[in-house]
Amino acid sequence: SGSVKIRGKEIGRMNDEQLTVFRRRNIGFVFQNYNLVPILNVYQNIVLPIELDGSTVDKTYVEEIIHLLHLEEKLDNLPNNLSGGQQQRVAIARTLALNPSIVLLDEPISALDVENKEIMKRELKDIQKKFHSTMIYITHDQEEAFFLSDRIMVMSTGTIEQLDTPLEIYNNPANEYIQSFVVGHLNQKYESLSKC
């Protein structure tokens, strides 16, 4: 039970049409698959949601996002001429272009290779600091969660097991599940790395 409010608006009180418009303007989505329009170049893909909304592109703001995601040299490229990491950057830039209140990221870097994952983790952290966006990041990778998060919600079979800071979860796991699944996993990983 309860209610969800974003920018002072209660989501549950909106009809389907109002909710569609509100989501488009206030909630950004980044998925594992990049969902880029193949016939549009990088710049056109980034500004597409702004134009679909009938808004004017804030070129200074969009250029700042493009610079932060290192896409300046790729603006005229079509998506199929980009690497996976570059396509994901375009998807993130497109999401941020509308300056949403909340950005939902559903395992956005799981399809990338190890090197690109590390780069994207740092870039996402920089984006969050720069734009102060509220980001909800879904991942099965504990290291990703600990690196990127201010707060972590650990769930098991639809139940919240612990909602806390990364440090608190690591130092004071709420139960055996947290101890085994999160803390134990991280400890094993670091022990195996230290033996290399």
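Before reading further, recall that the structure is shown in the block above.
Numbering of residues starts from 1 in every chain and runs along the sequence as written. Confidence filtering applies because this is a predicted model: local features only for residues at pLDDT of at least 70, side-chain atom pairs given and counted only at 80 or more, and all residues used for totals across whole chains, interfaces and linings. Excluded from the side-chain calculations are hydrogens and water; all other atoms, namely the structure's heavy atoms, are used.

Undergrad: Looking at this structure, I do not really get the side chain of Gln162. What am I missing?
TA: A run of DSSP states H or I qualifies as a helix once it reaches four residues; a run of E qualifies as a strand once it reaches two. Both are numbered from the N-terminal end. Mapping Gln162 onto the fold places it in strand 7 (residues 159-164). Within the local environment of Gln162, its side chain forms a polar contact with the backbone oxygen of Asn172, the two atoms lying 3.2 Å apart. Here a residue-residue contact requires only that any non-hydrogen atoms of the pair lie within 4.5 Å. If we skip the residues at most four places from it in the chain, Gln162 touches Ile152, Met153, Val154, Glu168, Ile169, Asn172, Pro173, Ala174 and Ile178. Side-chain atoms alone can form a polar contact between residues adjacent in sequence; in general such a contact is a pair of N or O atoms within 3.5 Å, and within protein one must be able to donate a hydrogen while the other accepts it.

Undergrad: Whenever I open this one, the nonpolar core confuses me. Can you help?
TA: Counting 32 residues, the largest nonpolar core has Ile46 and Ile92 as its most contacted members. Going through the elements one at a time, helix 2 (42-52), helix 3 (59-68), helix 4 (84-97), strand 4 (102-106) and helix 5 (114-131) are the ones with two or more residues in this core. Take this core: its biggest share by element is six residues, from helix 4. In this structure Ile92 touches Val30, Leu69, Met120, Leu124 and Ile127, once residues within four positions along its chain are discounted. Side-chain atoms within 4.5 Å link the members of a nonpolar core, which is a set of buried Ala, Val, Leu, Ile, Met, Phe, Trp, Tyr and Cys residues. Relative accessibility under 20% of the residue-type maximum defines a buried residue, over 50% an exposed one, and the middle range a partly exposed one, all with a 1.4 Å probe and only protein chains included.

Undergrad: Got a minute to help me understand the packing of aromatic side chains in this structure?
TA: Any aromatic ring pair is given by two values, namely how distant the centres are and how the planes are angled relative to each other. Two aromatic rings, drawn from Phe, Tyr or Trp (for Trp, its six-membered ring), form a pair once their centres lie within 6.5 Å of each other, and the interplanar angle then sorts them: stacked below 30 degrees, edge-to-face above 60, tilted otherwise. Inspection of every chain in the model, using the stated rule, returns three aromatic pairs. A ring pair is formed by Tyr177 and Phe181, whose centres lie 5.3 Å apart and whose planes are at 15°; its orientation type is stacked. Of the two residues, Tyr177 and Phe181 both sit in helix 8 (residues 176-194), four residues apart, roughly one turn of that helix. Among the residues examined, Phe181 registers a relative accessible area of 36% and is labelled partly exposed. Above the ring of Phe147, the side-chain terminus of Lys121 is found at 5.5 Å from the ring centroid. Each ring is checked for a lysine NZ or an arginine CZ that lies within 6 Å of its centre and within 35 degrees of its normal; such an atom marks a charge sitting over the ring.

Undergrad: Would you mind showing me how to read the sheet that holds strand 4 here?
TA: Within a sheet, neighbouring strands are paired by backbone hydrogen bonds and run either parallel or antiparallel to one another. Between any two strands, pairing holds if DSSP finds at least two bridges. Overall, parallel pairing links the three strands, which are arranged 3-4-5 in an open sheet. Of all the strands in the sheet, the pair left with one neighbour each is strand 3 (27-30) and strand 5 (134-138). Each neighbouring strand pair of the sheet contributes to a mean axis angle of 15°, computed without reference to strand direction. Strand direction decides the pairing type here: strand 3 and strand 4, joined by four bridges, are parallel. Across the sheet, the residue bridging to Gly28 is Val103, located in strand 4. Here an axis means a line fitted to C-alpha atoms, over the contact stretch when the element is a helix, while the angle between two N-to-C directions is reported on a 0 to 180 degree scale. Most of the contacts of helix 1 (residues 16-26) go to strand 3, to which it runs at about 70°, and overall it touches strand 3 and strand 4. Sheet contacts for helix 4: strand 3 and strand 4; angle to strand 3, the most-contacted strand, approximately 175°.

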